[in-house]
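# A closer look at the structure
If you want the building blocks of each chain, they are given just below.
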Amino acid sequence: MGGVSTETATAPTPPIDERAALTDVTATEVAPLRLVVVSGMSGAGRSTTADNLEDLGWYVVDNLPPSVLPDVCDEARRTGIRQLAVVLDVRTRSFFEQLPTMFAELKEAGTVPEIVYVEASDDVIVRRQESVRRPHPLQGDGRLLDGIHRERELLATLRAAADLVIDTSSLNVHQLGSRITHAYGGPDHALRVTVLSFGFKNGIPLDADMIFDVRFLPNPHWVPELRPQTGLSAPVSAYVLGQPGAEPFLDSLEQVLETVSQGYLHEGKRFATIGIGCTGGKHRSTAISEELARRLRADGLPTTVLHRDLGRE
């Protein structure tokens, strides 16, 4: 993603996945503080994510050691800050091991942290790191790829616990900014949905919460007059949506997401990325994604659409 910025024996602690229990938060005497923890791979866009949050009015603290996070949150409450974003440097194991304890302290203070995790494929990170002529922070005396693999392994548990994962491999800075604006630029009481069209031939999206395959529908690629068009065009959309099975599929998916959205909100999850895949990501998945997004918006769910592979065919 050209132009995306890059950054620079204790007692046993509970697994980080226990942070799910933090959703059971009672009212406190202080006004609620919304805390977003920004983390992820070096070169994946942590600084760009933080910059976009700041543009949205969030108070942002960069590269904060986890041990001082509770104190920073206390100070934020005292000074009237209600939206705090911190970029955590957890590339060292000692910092990483502090996170469960820090999350437990935040729970006691009435703050449930949300984790935004940005990542990208190895080849994209290599290209970005080389473009800015900076070594990877965990590279040491080895290769750049060695550092990337060490960091990915170190952060695997944190990624699994993330509320929102964004794969920036195919995003530019403006598209990443749109994802952040959609997630954090509005009220926090509704589930915010991203519908992501893609082509299976280019790989399954790493940041999708659910994947649906629409290759059961006839492919407009084999209709000569439709082949050069995309699912954004009216003729292709009409062709795809008019096929037997398309309407029942959308009806069923809409019903599933209505149920899932209520469960997500009950569990404190504010984001959902829905992957809709066809062969190349040009016709069927694009048309179905646009129609699904239209329906979800009509149902009251804030929804945005991203076509990952459009133009790559």
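Reading the values: rules and limits
- In this numbering scheme, every chain counts its residues from 1 along its sequence in written order.
- Confidence filtering applies because this is a predicted model: local features only for residues at pLDDT of at least 70, side-chain atom pairs given and counted only at 80 or more, and all residues used for totals across whole chains, interfaces and linings.
- Excluding hydrogens and water, the side-chain figures rest on all heavy atoms present in the structure.
- Burial status follows relative accessibility: with a 1.4 Å probe on protein chains alone, a residue under 20% of its type maximum counts as buried, one over 50% as exposed, and anything between as partly exposed.
- For the purposes of this entry, the term helix denotes a DSSP run of H or I that reaches at least four residues, the term strand denotes a run of E that reaches at least two, and both are numbered from the N terminus.
- It is the directions from the helix axis to the C-beta atoms whose arc is reported.
- Whether two residues are in contact is decided by their heavy atoms, any of which lying within 4.5 Å being enough.
- Expected span of a helix: the number of residues minus one, times 1.5 Å.
- What qualifies as a polar contact is a pair of N or O atoms within 3.5 Å, subject to a donor-acceptor requirement within protein and to the restriction that residues adjacent in sequence count only when both atoms come from side chains.
- Grouping into patches uses exposed residues only, defined as over 30% relative accessible area, and leaves out salt-bridged ones; the cut-off is 9 Å for like charges and 5 Å for nonpolar side chains (Val, Leu, Ile, Met, Phe, Trp, Tyr).
- Each accessible area value is a Shrake-Rupley result obtained with a 1.4 Å probe; residue values ignore everything except the protein chains displayed when judging cover.
- Salt bridges are identified by distance alone: a Lys or Arg side-chain nitrogen within 4 Å of an Asp or Glu carboxyl oxygen.
- Here Asp and Glu are counted as negative and Lys and Arg as positive; His is not counted, and neither are the chain ends.
- To locate a charge, take NZ of a lysine, CZ of an arginine, CG of an aspartate or CD of a glutamate.
- Note: pLDDT gives the predictor's confidence per residue, expressed from 0 to 100.
- When DSSP finds at least two bridges between two strands, those strands are taken to pair.
- Every axis corresponds to a line fitted to the C-alpha atoms, with the helix fit spanning only the stretch in contact, and the corresponding angles, defined between N-to-C directions, vary from 0 to 180 degrees.

## What to know about helix H8 (residues 234–241)
Of the positions making up H8, those classed as buried are Val 236, Ser 237 and Val 240. Along the axis of H8, the buried residues cluster in a sector spanning 100°; they form a single face. Opposite the buried face of H8, at more than 90 degrees from it, the exposed residues are Ala 234 and Ala 238. For H8, the elements touching its buried residues are helix H9 (246–266) and helix H10 (284–298).

## A look at helix H7 (residues 173–184)
Look at H7: 16 Å from first C-alpha to last across 12 residues, which is about the 16 Å you get at 1.5 Å a residue. Buried residues of H7: Leu 176, Gly 177, Arg 179, Ile 180, His 182, Ala 183 and Tyr 184, and no others. If you check the start of H7, you find a side-chain oxygen 3.0 Å away from the backbone N of His 174, and it comes from Asn 172.

## Here we look at a negative patch on the surface
A contiguous patch of negative charge on the surface is contributed by Asp 51, Glu 54, Asp 55 and Asp 62. In terms of residues, the negative patch owes the most to one element, helix H1 (residues 46–55), which gives 3 residues. Within the secondary structure, Asp 51 is located in helix H1.

## Structural notes on the confidence of the model for the chain
Residue-level pLDDT values for the chain average 85, and 86% of them are 70 or greater. Confidence scores differ between elements of the chain, with helix H3 (residues 93–108) showing the lowest mean pLDDT of 77 and H8 the highest of 98. Note on residues 18–29: pLDDT under 50 across the span, and 19 contacts to partners over four residues away in sequence or across chains.

## Description of the sheet that holds strand E4 (residues 114–119)
Within a sheet, neighbouring strands are paired by backbone hydrogen bonds and run either parallel or antiparallel to one another. Read from one edge to the other, the open sheet built from 5 strands follows the order E2-E3-E1-E4-E5, with strand pairing classed as parallel. Either end of the sheet is taken by a strand with one partner, and the two such strands are strand E2 (59–64) and strand E5 (164–167). Each strand of the sheet is rotated relative to its neighbour by a mean of 20°, with strand direction disregarded. Examined bridge by bridge, E4 and E5 share 4 bridges and lie parallel to one another. Paired with Glu 119 across the bridge in E5 is Asp 167. Lying on the sheet, H1 is in contact with strand E1 (34–40), E2, strand E3 (83–88) and E4; it crosses E1 at an angle near 160°.

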